[in-house]
Amino acid sequence: MKILVTGGAGFIGGNFAHLMVNQYPEDDIVVLDALTYAGNLETLEPIMDKPNFKFVKGNICDRDFVDELFKNEKFDVVVNFAAESHVDRSIENPEIFLETNIMGVQVLMDACRKYGIQRYHQVSTDEVYGDLPLDRPDLLFHEDTPIHTSSPYSASKASADLLVMAYHRTYGLPVTISRCSNNYGPYHFPEKLIPLVISRALAEESIPVYGEGANVRDWLYVRDHCTAIDLIIRKGKDGEVYNIGGHNEKSNLEVVKTILKQLGKSEDLITYVKDRPGHDLRYAMDPEKIETELGWEPEYRFEEGIKVTIQWYLDHKDWWQHIVNGEYQDYYEKMYKNREL
Ligand code: NAD
Ligand code: TYD
């Protein structure tokens, strides 16, 4: 099988590319990534020279480029991770979110229609369901929970989901969608809560907590998200949505305190800052469908996954310090100026 992984130089797409390349030597994995501020080729370094891997730099919104790529490569499966992914950035500047997260999806699906495909898989998010109240722990998101978004980011992801379903119904495109809860783990860009807390705590810098830190997220170790997507592209049914989550709900303050404790750092580093506008209160997934229909099971509970993650950040200081000091953006130039892609 030839699999296109878009956004594979980012956090989850990078972890997915590692998993695919190592687990399926008989498959060819092509990563397409525009290398925006969130894309980092150092994430792909461990698999860069594997015979079943190829990296291509390009933008999913560039119709001519995508058309040419599909014509030459003849992909069997497309897994679309490429997106603008940070809620706070979407509040500052929504436009690029609409371009990449909606128009880019259209461009990819048009190429899938034109050149034929076994499956287009859209990586979506629990944020398309909006939020749940803090005082109703009995409520969870199900696949048929109405779409109800809060931020420009979640609105753009929800729009893409609707478009994907429209392409399935109207043109018969074989599609699946997965909606996952918050991920954490190796190669997570340090603007997001968990890697931000780890990197700042190690530097004895203040830890910004929005509002009172009471908002709840349902945390999933990134590898468990990747194994779920792997199952969906191989065994999932066309036209279906699958929720992914591991029942690991934690308030932001709990997450921050757990990390500080494990690093032996003082809670005095916590600094309460102005809340995010429109801040979703609580996300919580019901993953029963993927568990019963596809037999997916997460391997990590939060308590264990966070320890593994902290250890990874301690063992890979170069990776995140290059991001913090901006060096990672020179990497492409350095590694690729004399190397044809
Ligand atoms: P990320 O920001 O770490 O990575 C996104 C990648 O996409 C980057 O490598 C970036 O360079 C690339 N990219 C951006 N615009 C592009 C474009 N126009 N063309 C080609 N490449 C482009 O994001 P992530 O956290 O890895 O998220 C991946 C996907 O998973 C996103 O679709 C996101 O909505 C979804 N998701 C994320 C989470 C989470 O907790 N991070 C949870 C559920 C779903
Ligand atoms: P984030 O990692 O940005 O993911 P998302 O907004 O997609 O859930 O944020 C996770 C939670 O942590 C969210 O409730 C916002 C909060 N947060 C902080 O309190 N401080 C921070 O510096 C960041 C980045 C997030």
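Residues numbered from 1 in each chain as written. Chains lettered and ligands numbered in written order. Predicted model: local features only at pLDDT ≥ 70, side-chain atom pairs only at ≥ 80, totals over all residues. Heavy atoms only, no water.

Participant: Quick rundown of the packing of helix H1 (residues 11–23) against helix H7 (residues 222–235)? Include the residues and the values.
Facilitator: The geometry of H1 relative to H7 is characterised by a closest axis approach of 9 Å and an angle of 60° between their N-to-C directions. With respect to the hand of their crossing, H1 and H7 are arranged in right-handed fashion. Taken together, the residues of H7 that come into contact with H1 (itself represented by Phe 11, Ile 12, Asn 15, Phe 16, Leu 19, Met 20 and Gln 23) are Val 222, Arg 223, His 225, Cys 226, Thr 227, Ile 229, Asp 230, Ile 233 and Arg 234. When its residues are assigned to classes, the contact of H1 with H7 shows 9 nonpolar, 4 polar and 3 charged. (Axes fitted to C-alpha atoms, helices over the stretch in contact; angles between N-to-C directions. Helix = DSSP H or I, 4+ residues; strand = E, 2+ residues; numbered from the N terminus. Left-handed = near helix turned anticlockwise from the far one by under 90°. Contact = heavy atoms within 4.5 Å. Nonpolar A, V, L, I, M, F, W, Y, C, P; charged D, E, K, R; others polar.)

Participant: I'd love a proper account of the site of ligand 2, names of residues and values included.
Facilitator: What surrounds ligand 2 is a group of 17 residues, the closest being Glu 127, Pro 208, Arg 217, Arg 276 and His 279. Here Arg 276 contributes a side-chain N or O atom positioned 2.5 Å from an oxygen atom of ligand 2. Contact between ligand 2 and His 279: an oxygen atom at 2.7 Å from a side-chain N or O atom of the residue. Compared with its free state, where it exposes 510 Å², ligand 2 has 95% of that area covered by protein. Secondary structure elements with two or more residues in the shell around ligand 2: helix H6 (193–202) and strand S8 (207–210). For the shell around ligand 2, the leading source of residues is S8, giving 3 residues. (Near = heavy atom within 4 Å. Polar contact = N/O pair within 3.5 Å; in protein donor to acceptor, adjacent residues only side chain to side chain. Areas by Shrake-Rupley, 256 points an atom, 1.4 Å probe, with all protein chains shown as cover.)

Participant: Outline a negative patch on the surface, supporting the account with residue identities and numerical values.
Facilitator: The grouping of Asp 318, Glu 327, Asp 330 and Glu 333 at the surface amounts to a negative patch. Tracing the sequence through the fold places Glu 327 in the loop between helix H11 (317–324) and helix H12 (331–336). (Patch = residues over 30% accessible without salt bridge, like charges linked within 9 Å, V, L, I, M, F, W, Y side chains within 5 Å. Salt bridge = Lys/Arg side-chain N within 4 Å of Asp/Glu carboxyl O. Lys, Arg positive; Asp, Glu negative; His and termini not counted. Charge placed at Lys NZ, Arg CZ, Asp CG, Glu CD.)

Participant: Kindly report on the state of the cysteines, identifying the contributing residues and their values.
Facilitator: Disulfides are covalent bonds that link the sulfur atoms of two cysteine residues. Within the structure shown, the criterion is met by 0 disulfides. Between Cys 180, a cysteine without a disulfide, and Cys 226, which holds the nearest cysteine sulfur, the sulfur-to-sulfur distance is 9.0 Å. We classify Cys 180 as buried; its relative accessible area is 3%. (Disulfide = S-S within 2.5 Å. Buried < 20%, exposed > 50% of the residue type's maximum accessible area, 1.4 Å probe, protein only.)

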